[in-house]
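# Working through the structure, step by step
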Amino acid sequence: MDKVRLGIIGLGNMGSTHAKNINAGKVPGMVLGAICDIAEARRDFAKKLYPDVPVFETAQELYDSGSVDAVVIAVPHYDHPQLAIDAFKAGLHVITEKPAGVYTKQVLEMNEAAAKSDKLFGIMYNQRTNPVYKKLKQMIDEGMLGEIKRVNWIITNWYRPQSYHDSCTWRSTWKTEGGGALINQNPHQLDLWQWLFGMPEKIMSHCSFGRYYDIEVEDDVTAFMQYENGMTGVYITSTGEAPGTNRLEIACDMGRVVVEDNKITFNRNVVGEREFNKTFTGIFGAPECWKCEVPADTSGGEQHVGIFKDFTSAILKGTKLLAPGEEGVNGLTISNAIHYSAWTGGWADVKNFPHEEFYELLQDKIAKSTVVKAEVQRTTATEGTY
């Protein structure tokens, strides 16, 4: 194989972007092989825009066509795992949009299907291509920060007006989207959290549901995370604050790291705090600290195109994936644990997460859903069908 023929499952916002990038030749070694969408208007749109590309109504028709070697799944969240499972059964490589799914029980089944296949599985965690976060991960992995004591991430620059929630009938309900800020806006940051700092042992959270909008899912979240090694973390997010904040702060033995405005500032201790504490004999004192601007490319990186390049290289050359699909369950477990804690009023055990119990609680939320959205005028650019 010298080219990867990619199938687009769902020609909504992200599917359209992916098709455009692939067709424009932005991913060497990858070509647009086929498109499918259950909406006739989207199929007609695809035929006009890509007249030489086969277009199908269902994913299974595309899978059976022999037109593709791999697929990208870009449909509403609940459908990600089953479409991936079916693609693996059809002998195709898979890359799924975030989140991996809505509940861990289903995503674990997807991971099992991937493991049983001999195909590659990736996830569109494009923030892993951002040079700032790559640099931060390097600093952590190489021990430049020493022991991490506490992490705070305030990410509230997700402001969404009511009209956003009303723009598609599947948005912002338990039945059709499976959550709010956590499942829609925050999967990238929850992935970065576990990618950088690992998985917490347990979580206690408070969520507000429909605090700012006429929706039934969460639009304001505060979560406290506790780690086995004593590290703690606080994660705060909201879609109802304007202007918002995106500030990641890490308190560590070697000082304090702040990531804000896509830049890294390291207030670096000349001597680690623990070492200083052992040797200092005065009453008041602190380690000498230098303010360092850490050099890193602030362009944001290649994002979605970068993930496709990495995925293509893994298929054609056997290189290691930057964002393995199997890791999607990690950020989703944190998301599910935050919901679980808010629903039950207690700690969520992340290490031994109750996948079945969470699933049952979610089903109860779906059954009691009372929000009925009016039909809205859809445009070919915003409808998230497949």
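Let us look at the structure shown here. Here the structure is a predicted model, which means the values were calculated and not measured. (Residues numbered from 1 in each chain as written. Predicted model: local features only at pLDDT ≥ 70, side-chain atom pairs only at ≥ 80, totals over all residues. Heavy atoms only, no water.)

## A word on the overall build of the chain
The line we're drawing: A run of H or I in DSSP counts as a helix once it spans at least four residues, and a run of E counts as a strand once it spans at least two, with each numbered from the N terminus. Within these notes, the globule rule equals 2.2 Å times the number of residues to the 0.38 power, and the radius of gyration is based on C-alpha atoms. Categorising residues by exposure relies on relative accessible area from a 1.4 Å probe, with only protein chains included: less than 20% of the type maximum marks a residue as buried, more than 50% marks it as exposed, and the intermediate range marks it as partly exposed. Residues are treated as being in contact if the distance between any of their heavy atoms lies within 4.5 Å. All accessible-area figures derive from a Shrake-Rupley calculation using a 1.4 Å probe, and residue coverage is judged against the displayed protein chains alone. For the purpose of charge, His is not counted, nor are the chain termini; Lys and Arg are scored as positive and Asp and Glu as negative. Charge positions are represented by NZ for Lys, CZ for Arg, CG for Asp and CD for Glu.
Of regular secondary structure, the chain possesses 13 helices and 15 strands. Since a compact globule built from 386 residues should have a radius of gyration of about 21 Å, the 22 Å found for the chain is in line with a globular shape. Buried residues in the chain amount to 54% of all 386 residues. Relative to all contacts within the chain whose residues are 6 or more apart in sequence, the contacts with residues 24 or more apart total 70%. Accessible surface for the chain amounts to roughly 16900 Å². Of this, 49% is attributable to carbon and sulfur atoms. Separation between the mean location of the 39 positive side-chain charges and that of the 49 negative ones in the chain comes to 4 Å.

## Regarding the sheet that holds strand β8 (residues 202–209)
Rules: The pairing criterion for strands is at least two bridges between them, as found by DSSP. In this analysis an axis means a line fitted to C-alpha atoms, helices contributing only their contacting stretch, and an angle means the value between N-to-C directions, from 0 to 180 degrees.
Pairing is mixed in the open sheet, where nine strands are placed in the order β14-β13-β12-β11-β7-β10-β9-β8-β15. In this open sheet, the two strands that pair with only one neighbour each are β14 (289–294) and β15 (348–349). One ladder, built from eight bridges, connects β8 with strand β9 (residues 218–226); its direction is antiparallel. Residue Ser205 lies in a different strand from β9, and its bridge partner there is Ala223. Where helix α12 (residues 328–344) meets the sheet, it contacts β8, β9 and β15, and its direction lies at approximately 70° from that of β8.

## Describing the pattern of salt bridges
The following threshold applies: By definition, a salt bridge exists where a carboxyl oxygen of Asp or Glu is found within 4 Å of a side-chain nitrogen of Lys or Arg.
Evaluation of the coordinates by the stated rule reveals 14 salt bridges. Put simply, Lys149 and Glu273 hold a salt bridge, and the shortest N to O gap is 2.8 Å. Of this pair, Lys149 sits in strand β7 (residues 148–155) while Glu273 sits in helix α10 (residues 273–279), and the two are 124 residues apart along the sequence. As a salt-bridge pair, Asp364 and Lys368 come within 3.3 Å of each other at their nearest N and O atoms.

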